[in-house]
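Given next are the chains, with one letter for each unit.
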Amino acid sequence: VAWELQLRPVLVWPINSRSTLSEGLYSYDALARLRDAQSAQLLGQRATAEPTEDIGNYLRLGPLGTALATSQRGSPRVLIIDEIDKSDIDLANDLLHAFEEGSFAIPELLRLAEQQPEVRIPVWDSKESAERVPITRGRVSCTAFPLVILTSNGERELPPAFLRRCLRLTIALPTEERLRQILKAHLGLQAISEEAELLIKRFGEDWNSGKTVATDQLLNAVFLLTRGSITIAEPERSTLIDTILRELNAE
């Protein structure tokens, strides 16, 4: 989507059980700021208990915060929130507010709104913090809402209120022809060898029988067993195939 619409590079936010809305929006390194203030005092430089002139050096927008902040320029960003089903149950509900408002506040900047109405903060995908966006009076409000794509492996159900606001797409299991296309695209194959066809057939049989297997297992098996520089004889060959194509939830 980003390529078709000639948008900026995709932002990715990988989710785990400890992920929070706050880390998706921004981070603040209070310890580094305090350490620098103390160092300045030791060097005899002007410093106060609440240094404000360089607070932007201690803040950084997270992936969601970057998507909202950089969309202020009128061109939306694409954000992938990867494996939302791995999150704490509260994250989905917390995201609802951010999505519906399209804005958020940074408390550390709200307190300095009068002294510093505008602070420039590094974005998530900026290399070496080179790119900064201006935050006015401690609030970020986007004018072009980002396209947010969430992935889920269905490990747990998400709240109905959250799902109501999503366009849900269930990716169907690939057919044998689709698996051939995947192998050609990922491995640069011009044609599918007889050896690869046997692996596709076995993989399809495992899948249709209800076994939990993933497409990347087939990719790994074909990659290892069809490379001309590797020769694997029996019985190691069968053992390797069985290991690679082993059911994911097998004991």
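Residues numbered from 1 in each chain as written. Predicted model: local features only at pLDDT ≥ 70, side-chain atom pairs only at ≥ 80, totals over all residues. Heavy atoms only, no water.

1. Side note on the sheet that holds strand β9 (residues 147-150)
Thinking step 1. The sheet built from 3 strands is open, its strands ordered β1-β4-β9 with parallel pairing. Of all strands in the sheet, those bounded by a partner on one side alone are β1 (11-14) and β9. Along the sheet, successive strands turn relative to each other by an average axial angle of 20°, direction set aside.
Thinking step 2. As defined by bridge partners, β1 adjoins strand β4 (residues 78-82) across 4 bridges and the pair is classed as parallel. Each residue of the ladder has a partner; that of Pro14, found in β4, is Asp82.
Thinking step 3. The sheet strands contacting helix α3 (residues 63-70) are β1 and β4, and the helix crosses β1 at an angle near 155°. (Pairing = 2+ DSSP bridges. Helix = DSSP H or I, 4+ residues; strand = E, 2+ residues; numbered from the N terminus. Axes fitted to C-alpha atoms, helices over the stretch in contact; angles between N-to-C directions. Contact = heavy atoms within 4.5 Å.)

2. Topic: the packing of aromatic side chains
Thinking step 1. In the structure shown here, the tally under the stated rule is 2 aromatic pairs.
Thinking step 2. Between the aromatic rings of Phe99 and Phe145, the centroid separation amounts to 6.4 Å while the plane-to-plane angle is 80°, which identifies the pairing as edge-to-face. A residue pair is termed long-range when its members are at least 10 positions apart, and Phe99 in helix α4 (residues 89-101) and Phe145 in the loop between β8 (139-141) and β9 qualify at 46 residues.
Thinking step 3. Between Phe203 and Trp207, the ring centres sit 5.1 Å apart and the planes meet at 90°, which makes this aromatic pair edge-to-face. Of this pair, Phe203 and Trp207 both sit in helix α8 (residues 194-208), 4 residues apart, which is roughly one turn of the helix.
Thinking step 4. Phe203 gets classed as buried once you look at its relative accessible area, which sits at 1%. (Phe/Tyr/Trp six-rings, centres within 6.5 Å; stacked < 30°, edge-to-face > 60°. Buried < 20%, exposed > 50% of the residue type's maximum accessible area, 1.4 Å probe, protein only.)

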